[in-house]
Amino acid sequence: MVATNEAGARYVSDMGLKFLFRNHEYPDLEKLEMNFIPLCKSLKIQPRFQNDNYAHEYKRIMSLVEDETVRNALSDAFLRCLPKAVYAPDEIGHFGLSLQYYAQLTSPIRRLPDLINEYILHMICDLEKHPENYQTVLDMYEQLIELGRTTSAQEKRADQLERDTNKMKFAEYMQGHIGEEYTATVSGFSKNGIFVALPNTIEGMVPFRAINYDSFTYDEHRKVAVGKRSGEIFTLGTPLQVSVKRASKSESQIDFDLIKRLDKKDSKVNVTKKKPRR
């Protein structure tokens, strides 16, 4: 599928014509230094980004991580350092696929850009009978600019709606599991608490206020949570045992209580732990 998309994009470009190319620029180095690199260092991984080795270095880093939750968290962090892929009639390459030419032609969900590009290809394939099609495609340039802007904006909106819907449905599901205990893995942080992911991919938060044996804060520079009195540190990937404290479909939010961390035998335990509901 990718090979077909690449071949179609290159074919049209070689003819001096325009497509709705799928462009994906290189990562923002400043964002990498602020967000992705500190996460790697918290896992004892030293990134070596330089010049144009971004894709190779990213693959090397991911090869060092075995835990699936941590891999997903790192992947999400890296993606947030990348400009959003957009549709445009002037190709600038696709970083994520390491391709100079790329345009979607084979999407199984029939995106509008696919249909537009297939229309252009049909016009080109009919040039022997209708040589005027060449000029027709050339004249589509301004229209393709506007279509690129519109489809890029709608794709961004659709992605956000998908994330919002997943969060809402996850919360709805967990409303029936209040008090139940799960193993979880630290998947991220905020100023208010620790995000954890369950093996079934459902994610929620352990609020700092729910950890009663110490006062924790988020160290944004190091990308870790640190206990004020004990100096205990939670990093990406720390295994935990948690229980479901609250789930709200209307707020699309799930809160967990921390029972204990599973990577230390002498782990602290919240004394207010509740037994699972039977």
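Quick look at the structure, then. This is a predicted model, so every value here is computed, not measured.

Next up on the list: helix α3 (residues 54–63). Among all positions of α3, only Tyr-54, Ala-55, Glu-57, Tyr-58, Ile-61 and Met-62 are buried. All buried residues of α3 project into a common sector of 165° when viewed along the axis, lining one side. Those residues of α3 that are exposed and aimed more than 90 degrees away from the buried face are His-56, Lys-59 and Ser-63. The inward-facing, buried residues of α3 contact α2 (29–42) and α4 (68–79).

A few words on the environment of Lys-223. Among the structural elements, Lys-223 can be located in the loop between β6 (216–219) and β7 (224–227). Accessibility expressed as a relative area gives 6% for Lys-223, which makes it buried. In this structure, the C-alpha to C-alpha distance between Lys-223 and Leu-39, residues 184 residues apart in sequence, is 5.7 Å. Beyond its immediate sequence surroundings of up to four residues, Lys-223 is in contact with Met-34, Asn-35, Pro-38, Leu-39, Ser-42, Phe-189 and Tyr-218. In terms of polar contacts, Lys-223 uses its side chain to reach the backbone carbonyl oxygen of Glu-220, at 3.2 Å.

The next point concerns the pattern of salt bridges. Tallied over the entire structure, the rule returns 16 salt bridges. Here Glu-6 and Arg-10 are joined by a salt bridge, their closest N and O atoms 3.7 Å apart. Highlighted residues: Glu-6 and Arg-10, both in helix α1 (residues 2–14), separated by four residues, approximately one helical turn. With relative accessibility at 22%, the residue Glu-6 sits in the partly exposed group.

Within the element layout of this structure, Asp-257 appears in strand β10 (residues 253–261). Lys-245 provides the closest opposite charge to the buried, unpaired Asp-257, separated from it by 4.2 Å. With residues up to four places along the chain from it excluded, the contact list for Asp-257 reads Ala-210, Gln-241, Val-242, Ser-243 and Lys-245.

Here is what the cut-offs are and how they apply
Residues numbered from 1 in each chain as written. Predicted model: local features only at pLDDT ≥ 70, side-chain atom pairs only at ≥ 80, totals over all residues. Heavy atoms only, no water. Buried < 20%, exposed > 50% of the residue type's maximum accessible area, 1.4 Å probe, protein only. Helix = DSSP H or I, 4+ residues; strand = E, 2+ residues; numbered from the N terminus. Arc of directions from axis to C-beta. Contact = heavy atoms within 4.5 Å. Polar contact = N/O pair within 3.5 Å; in protein donor to acceptor, adjacent residues only side chain to side chain. Salt bridge = Lys/Arg side-chain N within 4 Å of Asp/Glu carboxyl O. Lys, Arg positive; Asp, Glu negative; His and termini not counted.

No statement about biological role is implied by the geometric values presented.
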